[in-house]
Amino acid sequence: MPEPESPQGAGGYDPVGPRPREAISPTGQGGAMDLALEEAESLEEAPVPGGPREKARSLWSDAWHQLRRNPVFVLSSLLILFLVVISLWPQLIASGDPLRCDLSQSQQGAAPGHPFGYDTQGCDVYTRTVYGARASITVGVCATLGAALLGSALGGLAGFFGSWSDALLSRVADIFFGIPVILGGLVFLSVVTSTTVWPVVGFIILLGWPQIARIARGSVITAKHNDYVQAARALGAGNARMLLRHVAPNAVAPVIVVATIALGTYIALEATLSFLGVGLRPPTVSWGIDISNAAPQIRNAPHMLLYPAGALSLTVLAFIMLGDAVRDALDPKLR
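These notes cover the structure that comes with them. (Residues numbered from 1 in each chain as written. Predicted model: local features only at pLDDT ≥ 70, side-chain atom pairs only at ≥ 80, totals over all residues. Heavy atoms only, no water.)

On a plain count of helices and strands, the protein chain comes out with 12 helices and zero strands. Seen in sequence order, the protein chain has helices and strands lined up from the N terminus as α-α-α-α-α-α-α-α-α-α-α-α. The burial tally for the protein chain puts 37% of its 335 residues in the buried class. Relative to all contacts within the protein chain whose residues are 6 or more apart in sequence, the contacts with residues 24 or more apart total 68%. When the accessible area of the protein chain is evaluated, it comes to approximately 19,600 Å², of which 64% is carbon and sulfur surface. (Helix = DSSP H or I, 4+ residues; strand = E, 2+ residues; numbered from the N terminus. Buried < 20%, exposed > 50% of the residue type's maximum accessible area, 1.4 Å probe, protein only. Contact = heavy atoms within 4.5 Å. Areas by Shrake-Rupley, 256 points an atom, 1.4 Å probe, with all protein chains shown as cover.)

In structure tokens form, the structure reads like this:
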């Protein structure tokens, strides 16, 4: 008696099911059927949607990922690090005394051991340029921290609570915005007799916080209307918790960007006020003071002006470049 033909051989249904890649055989002629088979095989080899994936980066980790690959950020950071180091330990690269002068060397050019020459009083320009970084960096950093903390606190509270506090902050900020910076410095600092950096720091904070406050206010107003803040409010979170845990971390990025750029501006402002004679005063060593002393002798001894002015320009440029790089990293629209 002949054996019955298997269902698969007769074209019937095979209960076991087709073996892998045996349902349709390739034609070997490169037609549409073979292309479809290749696409199907590539889909089979693709990772499963529910499989392991790369961990999502937060805003700050993603920004750091971008900054590490930005040559502008790397270059400006190295320059700022060098300036901070020499402002803390200037004796690392300058062994002389910036206040030790020899009138017999007045306005002399470069000499062995004195590559930048001498100023009008016979002081070493190189040593004074190195030591001048301390006053400029101190004023810039302290003024930026003070203006950022004061402006962020006032602007954040006004933007979060709104109502009369917001209106009051806006009007007070308008008053400070109407004060010319140079004129205000001439009036405010002309009555100060201290030779330290703190009167200049206080004046810059006084006129610098309204700008930070407006940025912080706008960021907080934008962040407090997000869904996660409304969800926290619906779950019963208090104002302090929502402001510190949910609103502030998501509104601080613009403040950091503006403060970084403003730091370079504050250094330039200190040099301008010192140049006008109302900022830092001797015996404090400052780039602005040296530029002011060298300005009348620019034709006879240009080296007196060139080196402190060049150091000031590089410092301001480094902080502005750093701020631009941080802005590009924290703002997805600018990438």
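The rest of the description comes next.
In the contact formed by helix H4 (residues 125-161) and helix H9 (residues 239-251), the axes pass within 12 Å of each other and the chain directions differ by 115°. Crossing angle aside, the handedness with which H4 passes H9 is right-handed. The segment H4 lies against H9, with Leu157, Phe160 and Phe161 engaging Asn239, Met242, Leu243 and Val247. (Axes fitted to C-alpha atoms, helices over the stretch in contact; angles between N-to-C directions. Left-handed = near helix turned anticlockwise from the far one by under 90°.)

Turning our eyes to something else, we now look at the side chain of Asp124. When you line up the elements, Asp124 lands in the loop between helix H3 (71-88) and H4. Despite its burial, Asp124 pairs with no opposite charge; the closest candidate is Arg128, at 9.2 Å N-O. One polar contact links the side chain of Asp124 to the main-chain amide nitrogen of Tyr126, over a distance of 3.4 Å. Those residues in contact with Asp124 that sit more than four places away from it in its chain are His114, Gly117 and Tyr118. (Lys, Arg positive; Asp, Glu negative; His and termini not counted. Salt bridge = Lys/Arg side-chain N within 4 Å of Asp/Glu carboxyl O. Polar contact = N/O pair within 3.5 Å; in protein donor to acceptor, adjacent residues only side chain to side chain.)

A few words on the nonpolar core. Membership of the largest hydrophobic core comes to 29 residues, with the highest contact counts inside it found for Ile267, Leu312, Phe319 and Leu330. Elements that contribute at least two residues to this core include exactly helix H2 (59-67), H3, H4, helix H10 (253-275), helix H11 (287-294) and helix H12 (303-330). No other element matches the 12 residues that H12 contributes to this core. Among the nonpolar cores identified, the runner-up in size contains 19 residues, and Val201, Ile204, Leu273 and Leu280 belong to it. (Core = buried A, V, L, I, M, F, W, Y, C linked by side-chain atoms within 4.5 Å.)

Estimates place the volume of the largest pocket at around 370 Å³. The leading source of residues in the lining of the largest pocket is H4, at six residues. Looking at the lining of the largest pocket residue by residue, the classes come out as 14 nonpolar, three polar and no charged. (1 Å grid on protein atoms, 1.4 Å probe; cavity = no way out; pocket = protein on both sides within 12 Å on 5 of 7 lines; lining within 4 Å. Points joined across faces, edges and corners; volume = space filled by probe spheres on them. Nonpolar A, V, L, I, M, F, W, Y, C, P; charged D, E, K, R; others polar.)

The full count for this structure, using the stated rule, is six salt bridges. Notably, a salt bridge pairs Asp166 with Arg217, separated by 2.4 Å at the nearest N-O pair. Of the two residues, Asp166 sits in helix H5 (residues 163-177) while Arg217 sits in helix H7 (residues 198-224), which places them 51 residues apart along the sequence. Measuring nitrogen to oxygen at the nearest pair gives 3.0 Å for the salt bridge that ties Asp174 to Arg171. Of this pair, Asp174 and Arg171 both sit in helix H5, three residues apart, which is roughly one turn of the helix.

Taken together, the side chains of Val181, Ile182, Leu183, Leu186, Val187, Phe275 and Leu276 make up a nonpolar region of the molecular surface, amounting to roughly 560 Å² of accessible area. Broken down by element, the nonpolar patch gets its largest block of residues, five residues, from helix H6 (residues 181-189). Structurally, Leu186 can be placed in helix H6. The class for Leu186 is partly exposed, based on a relative accessible area of 34%. (Patch = residues over 30% accessible without salt bridge, like charges linked within 9 Å, V, L, I, M, F, W, Y side chains within 5 Å.)

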